[in-house]
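Coordinates in review
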Amino acid sequence: MNNLTIIDHPLIKRDLSILRDRNTNNHLFRTVLKRVASIMALEVTRSLKLREQKIRTPLEDTTGHVLAEDVIIVPVLRAGLGLVDGFLDFLPDAKVGHVGLYRDERTLEPVDYYSMFPTTLNKSLILLLDPMLATGGSGAAAITFLKKKGARHTQFVTLVAAPEGVQRLTTTHPDVHIFSAVLDRQLNAQGYILPGLGDAGDRMFGTK
Ligand code: PRP
Ligand code: URA
């Protein structure tokens, strides 16, 4: 799975355990999701390109750096919203787009209900955020959406990936690199990730 980078970090492992725990309440779930997103943001942005810029310190001129490429953060609604602030902490100038998808519980296929993107999709790095990559249907559909709107460089950032989802994304969009905190074992018959953390949107917002 060349397209997949697992971000291996002790603090992520600790936080993932809190998120997996069925006794973690909605408030703690949101808090920890934001924190783990921040840790992931540092790793995901490690290969961002820089441009040199002259700056003047209080003592002399020197060469500093600015990001060479604009970044657009796109959460997949709803659960992707939980990762946005953690990324914005480190990318405060990033623009934010939104794509709304939910999985039909019977077919497991994504149904789209909303999208709104900045106009600069074609010249920005897109970080598509969704904590769960299960069948890969939602992720693949979101990337197809983005590409139709002009996106040319997208990376997919997730927390818990299933092998089935990684396979589907890699096959459908081989140009899109996937970052995940963990690769779990498999999907169950209802399309939930095992061991997983349950329904991320419901656990964030207290629905169901
Ligand atoms: C969850 C999750 C992903 C999708 C993953 O969203 O946030 O978007 O499922 O499953 P897939 O890889 O099989 O498509 P859900 O459909 O539950 O919507 P929600 O975020 O509104 O709860
Ligand atoms: N969506 C979730 O929120 N959790 C899963 O395990 C699978 C899809």
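Every value quoted in this text rests on a predicted model; they were computed, and no experiment measured them.

Moving on: the packing of helix α4 (residues 137-148) against helix α5 (residues 163-172). Where α4 meets α5, the closest approach of the two axes is 8 Å, and the angle between their N-to-C directions is 25°. Accordingly, the angle class assigned to the pair α4 and α5 is roughly parallel. α4 and α5 meet at a crossing whose hand is right-handed. From α4, Gly137, Gly139, Ala140 and Ile143 reach across to α5, where they touch Arg168, Leu169 and Thr172. Here the residues of the contact of α4 with α5 sort into three nonpolar, three polar and one charged.

What follows covers α5. Every buried residue belonging to α5 is among Gly165, Val166 and Leu169, and all of these are buried. For α5, the buried positions fall inside an angular range of 100° around the axis, keeping them on one side.

With that settled, the discussion passes to the packing of aromatic side chains. Centre-to-centre distance and the angle between the planes together describe a pair of aromatic rings. Tallied over the entire structure, the rule returns one aromatic pair. Relative to Tyr113, the ring of Tyr102 lies with its centre 6.1 Å away and its plane at 35°, an arrangement referred to as tilted. Here Tyr102, found in strand β6 (residues 98-103), pairs with Tyr113, found in strand β7 (residues 110-116); they are 11 residues apart in sequence, far enough to count as distant. Residue Tyr102 is classed as partly exposed on the basis of its relative accessible area of 45%. According to the relative accessible area criterion, Tyr113 is partly exposed, its value standing at 44%. Just above the ring of Tyr192 sits the side chain of Arg103; from NZ or CZ to the centre is 5.6 Å.

Turning our eyes to something else, we now look at the site of ligand 1. If you check the shell around ligand 1, you find 17 residues, and the closest are Arg78, Arg103, Asp130, Thr135 and Ser138. In isolation ligand 1 exposes 500 Å². Once the protein is present, 92% of that is buried. When residues of the shell around ligand 1 are traced back to their parent elements, those giving at least two are β4 (70-77), β6, β9 (132-133) and α4. Grouping the constituent residues of the shell around ligand 1 by class yields eight nonpolar, five polar and four charged.

Moving on: the packing of helix α1 (residues 10-20) against helix α2 (residues 26-44). Geometrically, a packed helix pair is captured by the angle between its two axes and the distance between the axes. Between α1 and α2, whose axes approach to 10 Å, the crossing angle comes to 155°. Viewed along their axes, α1 and α2 adopt a mutual orientation that is roughly antiparallel. The two elements α1 and α2 cross, and the hand of that crossing is left-handed. Residues Leu11, Ile12, Arg14, Asp15, Ile18 and Leu19 of α1 form the contact with α2, whose participating residues are Leu28, Phe29, Val32, Leu33, Arg35, Val36, Ile39 and Met40. For the contact of α1 with α2, the class distribution of residues is 11 nonpolar, no polar and three charged.

Bringing the site of ligand 2 into the picture now. Close to ligand 2 lie Arg103, Met132, Ala134, Gly191, Tyr192, Ile193, Gly198, Asp199 and Ala200, which account for all nearby residues. Between ligand 2 and the protein, one listed contact pairs an oxygen atom with a backbone N or O atom of Ile193 at 2.8 Å. In isolation ligand 2 exposes 240 Å². Once the protein is present, 89% of that is buried.

Our focus in this paragraph is the nonpolar core. Residues Leu19, Leu33, Phe87, Leu127, Leu129, Leu159 and Val160 are the most contacted members of the largest nonpolar core, which totals 39 residues. Put simply, the parts of the chain that give this core at least two residues each are α1, α2, β4, α3 (81-90), β8 (124-129) and α6 (200-205). At nine residues, α2 tops the list of elements feeding residues into this core. If near-sequence neighbours (up to four positions away) are discounted, Leu33 is found in contact with Leu19, Ala79, Gly82, Leu83, Pro131, Leu159 and Met204. Grouped together as the second largest cluster of nonpolar side chains are 23 residues, Val99, Leu121, Ile126 and Ile178 included.

Reading the values: the criteria
- Residues numbered from 1 in each chain as written.
- Chains lettered and ligands numbered in written order.
- Predicted model: local features only at pLDDT ≥ 70, side-chain atom pairs only at ≥ 80, totals over all residues.
- Heavy atoms only, no water.
- Axes fitted to C-alpha atoms, helices over the stretch in contact; angles between N-to-C directions.
- Helix = DSSP H or I, 4+ residues; strand = E, 2+ residues; numbered from the N terminus.
- Parallel < 35°, antiparallel > 145°, perpendicular 65-115°, else oblique.
- Left-handed = near helix turned anticlockwise from the far one by under 90°.
- Contact = heavy atoms within 4.5 Å.
- Nonpolar A, V, L, I, M, F, W, Y, C, P; charged D, E, K, R; others polar.
- Buried < 20%, exposed > 50% of the residue type's maximum accessible area, 1.4 Å probe, protein only.
- Arc of directions from axis to C-beta.
- Phe/Tyr/Trp six-rings, centres within 6.5 Å; stacked < 30°, edge-to-face > 60°.
- Lys NZ or Arg CZ within 6 Å of the ring centre and 35° of its normal.
- Near = heavy atom within 4 Å.
- Areas by Shrake-Rupley, 256 points an atom, 1.4 Å probe, with all protein chains shown as cover.
- Polar contact = N/O pair within 3.5 Å; in protein donor to acceptor, adjacent residues only side chain to side chain.
- Core = buried A, V, L, I, M, F, W, Y, C linked by side-chain atoms within 4.5 Å.

Interpretation note: all reported values are geometric properties and have no functional meaning in isolation.
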